[in-house]
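A structural walkthrough
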Amino acid sequence: MNNTPELRTLQRPSIILGIESSCDESAAAIYSGESGLLAHALHSQVDLHAEYGGVVPELASRDHIRKLLPLIDHVRAEAGHPALTGIAYTRGPGLMGALLVGASVAAGLGMSLSLPVLGVHHMEGHLLSPLLEENPPAFPYLALLVSGGHTLLVAVDGLGRYRQLGRSVDDAVGEAFDKTAKMLGLGYPGGPAVAALAAQGDPAAHHFPRPMLNRPGLDFSFSGLKTAVMLAIKAGDGSPQAAADIAASFQQAVIDTLVAKCARAIRETGFQRLVVAGGVGANAGLRAALAERAAQDSFALHFPRPEFCTDNAAMIALAGAMRASEFTAGIVGAEAVARWPLEDLAAPV
Ligand code: KG4
Ligand code: ZN
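Reference entry: report on the structure contained in this document. Note that this is a predicted model, so its numbers are computed, not measured.

**A look at the pattern of salt bridges**
Scanning the entire structure with this criterion turns up 13 salt bridges. Across the pair Arg305 and Glu133 runs a salt bridge, and its minimum N-O distance is 2.9 Å. Separated by 172 residues along the polypeptide, Arg305 in the loop between strand S10 (300-302) and helix H11 (306-309) and Glu133 in the loop between helix H5 (122-128) and strand S6 (141-146) bring together distant segments of the chain. Note on Arg305: relative accessible area 33%, which makes it partly exposed.

Spelled out as structure tokens, the structure:
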């Protein structure tokens, strides 16, 4: 067998090693174009950052350096040491130092294993993540992307063909969860903590604003909601029940807003499928409310499993496998970009 990088690029089916290091999760995965996901592993830095109340970029980079190579060894062994055909890594957007660790590991491994390398868009990974599941949605679909840094409604016309239909004009919805958690003294990471507390509270205790619902359009705004939460905390008696009621009412306001905007977007685009991705997509209340609305309005609903809603490398390996024709053989630079608009992507040629 000829092992030149050029020929390996042309081998089918692709078996791609994915590397994710854009924020506070180090992750590796192997995806086969023929057999699907072969292995995935993740190390969360939650404990490392918890005492600071948020992600400390320099600590994140150093921890990626410690964790990525062992994670890669682990998934290669778990997958039975398949003959890889390429390495896909998260090129951006994200924390620059953290991204550079993944980019350097990908470039170095590519060089030493004579494998072609591809830098993948993190948000494209999220958008495609429901394709990791059984009964994957066909293109085109509407995607609600709700993470710590983004709140987007995107028309996914095909691979690399993304049109932004709506976005948050201020805080991302994950950020609203994180800030609410901080105000309630729940610490970091906020989303799961607020969701857990909300389960003990009354979602009708406070009627918080459902921002921008009574205006046309598909944009979101969450900063007013944050202020309302702050005022409710100040006015309350500080009891555990008062905190739970605020958490539940906050979560309900977010859910009502997201569900209403998704239903509106489905109506306006005529799309028949909605995909929900990104960390907030792991929220059980949101999943249940969207499922109810999907049944009512007769559209199909697709979620990745909760562990693939939050950051992971399976979605990066998958995006790499879908872009198998674009890998660069030979020596590549460790390239990373902190900002990278989704609409700059193109369909593979
Ligand atoms: O997609 P992700 O893991 O990272 C980014 O790319 O940002 O999303 C992280 C965000 C955080 O803001 C976190 O608080 C939120 O997702 N999150 C949740 C839940 N799990 C994670 N928000 C609400 N409910 C959850 N169960
Ligand atoms: Zn993410």
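**Here's the deal with the site of ligand 1**
Lining the immediate surroundings of ligand 1 are 18 residues, of which Gly148, Asp178, Gly191, Gly279 and Asn283 lie closest. In the model, an oxygen atom of ligand 1 is placed 3.4 Å from a nitrogen or oxygen of the His126 side chain. Between ligand 1 and the protein, one listed contact pairs an oxygen atom with a backbone N or O atom of Gly279 at 3.0 Å. Given that more than half its atoms are within 2 Å of the pocket grid, ligand 1 belongs to the largest pocket. Looking at the shell around ligand 1, the elements with two or more residues in it are H5, helix H6 (173-183) and helix H7 (190-198). Among the residues making up the shell around ligand 1, the classes are represented as five nonpolar, eleven polar and two charged. Residue assignment places the shell around ligand 1 across two domains, with domain 1 (15-130 + 309-344) and domain 2 (139-303) each supplying three or more.

**Looking at the sheet that holds strand S2 (residues 25-32)**
The sheet built from five strands is open, its strands ordered S3-S2-S1-S4-S5 with mixed pairing. For this open sheet the edge positions go to strand S3 (36-44) and strand S5 (117-121), each flanked by a neighbour on one side alone. Sheet twist, expressed as the mean angle between neighbouring strand axes with direction ignored, is 20°. As judged from the five bridges shared by strand S4 (residues 86-92) and S5, these two strands associate in the parallel manner. Each residue of the ladder has a partner; that of Ala88, found in S5, is Leu118. Along the sheet, helix H4 (residues 96-113) makes contact with strand S1 (15-20), S4 and S5, crossing S4 at roughly 160°.

**A word on the coordination of the zinc ion (ligand 2)**
Looking at the zinc ion (ligand 2), one finds its protein donor set to be His122 (NE2), His126 (NE2) and Asp311 (OD), positioned 2.0 to 2.2 Å from the metal centre. In the primary sequence, the donor residues of the zinc ion (ligand 2) line up as H-x3-H-x184-D. Note that His122 is positioned in helix H5 and Asp311 in the loop between H11 and helix H12 (314-322), a separation of 189 residues in sequence. The two residues His122 and Asp311 agree in class, both being buried.

**What to know about helix H8 (residues 223-235)**
Helical geometry note: an α-helix holds 3.6 residues per turn, so side chains three or four residues apart project in the same direction. For H8, with 13 residues, the first-to-last C-alpha span of 19 Å sits near the 18 Å given by 1.5 Å per residue. Those residues of H8 that sit buried are Leu225, Ala228, Val229 and Ala232. Mapping the buried residues of H8 onto a view down its axis gives an arc of 100°, with all of them on the same face. For H8, exposure combined with an orientation more than 90 degrees from the buried face picks out Leu231 and Lys234. If you follow the buried residues of H8, they end up packed against H6 and helix H9 (240-269).

**With respect to the layout of surface pockets**
What the largest pocket holds in volume is close to 1,200 Å³. Looking at the largest pocket, it is lined by 40 residues, and the ones nearest its centre are Cys23, Ser147, Gly148, Gly149 and Asp178. Listing elements by their share of the lining of the largest pocket, those giving two or more residues are H5, H6 and H7. The dominant element in the lining of the largest pocket, judged by the number of residues it contributes, is H6, at six residues. Built from parts of two domains, the lining of the largest pocket gets at least three residues from each of domain 1 (15-130 + 309-344) and domain 2 (139-303). Each pocket or cavity is described by its volume, and for the second largest pocket that value is around 410 Å³. Looking at the second largest pocket, it is lined by 19 residues, and the ones nearest its centre are Gly149, His150, Leu152, Gln164 and Arg339. The set of elements that each furnish at least two residues to the lining of the second largest pocket consists of strand S7 (151-158) and strand S8 (161-167). Partitioning the lining of the second largest pocket into residue classes produces eight nonpolar, six polar and five charged.

**Looking at the nonpolar core**
Leu144, Phe208, Phe250, Leu258 and Leu274 are the most contacted members of the largest nonpolar core, which has 44 residues in total. Secondary-structure elements contributing two or more residues to this core are S6, S7, H6, H7, H8, H9, strand S9 (273-277) and helix H10 (284-297). Here the element with the most residues in this core is H9; it accounts for 14 residues. Ile16, Leu118, Met123 and Ala313 belong to the second-largest nonpolar core, a separate cluster that totals 35 residues.

About the thresholds
Per chain, residue numbering runs from 1 following the sequence as it is written. As they are written, the chains are lettered A onward and the ligands numbered 1 onward, keeping that order. Two thresholds apply to this predicted model, a pLDDT of at least 70 for residue-level local features and 80 or more for giving and counting side-chain atom pairs, whereas whole-chain, interface and lining totals are computed over all residues. With hydrogens and water stripped out, all remaining heavy atoms of the structure feed into the side-chain values. Each reported salt bridge corresponds to a side-chain nitrogen of Lys or Arg within 4 Å of a carboxyl oxygen of Asp or Glu. The helix count covers DSSP runs of H or I at least four residues long, the strand count covers runs of E at least two residues long, and both are numbered beginning at the N terminus. Per-residue accessibility, obtained with a 1.4 Å probe over protein chains only, is compared with the maximum for each type, and a residue is labelled buried under 20%, exposed over 50%, and partly exposed between these values. By convention in these notes, a residue is near a molecule or strand provided one of its non-hydrogen atoms lies within 4 Å of it. In protein, a polar contact means a hydrogen-donor-capable atom and an acceptor-capable atom, both N or O and within 3.5 Å, with residues adjacent in sequence counting only if both atoms are side-chain atoms; elsewhere, any N or O pair within 3.5 Å suffices. Using protein atoms alone on a 1 Å grid, points that fit a 1.4 Å probe yet trap it form a cavity, whereas open point sets bounded by protein on both sides within 12 Å along at least five of seven lines form a pocket; residues with an atom within 4 Å of a point count as lining. To qualify as sitting in a cavity or pocket, a molecule needs more than half of its atoms within 2 Å of the grid points. Note on residue classes: Ala, Val, Leu, Ile, Met, Phe, Trp, Tyr, Cys and Pro are nonpolar, Asp, Glu, Lys and Arg are charged, and everything else, Gly too, is polar. Each domain's extent was defined by an automatic or database domain assignment. At least two bridges found by DSSP between two strands is the condition for calling them paired. Between the N-to-C directions of two axes lies an angle of 0 to 180 degrees, each axis being a line fitted to C-alpha atoms and, for a helix, fitted only over the stretch in contact. When checking whether two residues touch, look at their non-hydrogen atoms; a contact exists if any pair is within 4.5 Å. Counted as coordinating are nitrogen, oxygen and sulfur atoms within 2.8 Å of the metal, or 3.2 Å for Na, K and Ca, while water is not included, which may make sites look incomplete. By this rule the span expected of a helix is its residue count minus one, scaled by 1.5 Å. Read the arc as the range of directions from the helix axis to the C-beta atoms. Grid points are joined across faces, edges and corners, and a volume is the space filled by probe spheres set on the points. Only buried residues count toward a nonpolar core, which is a set of Ala, Val, Leu, Ile, Met, Phe, Trp, Tyr and Cys residues joined through side-chain atoms within 4.5 Å.

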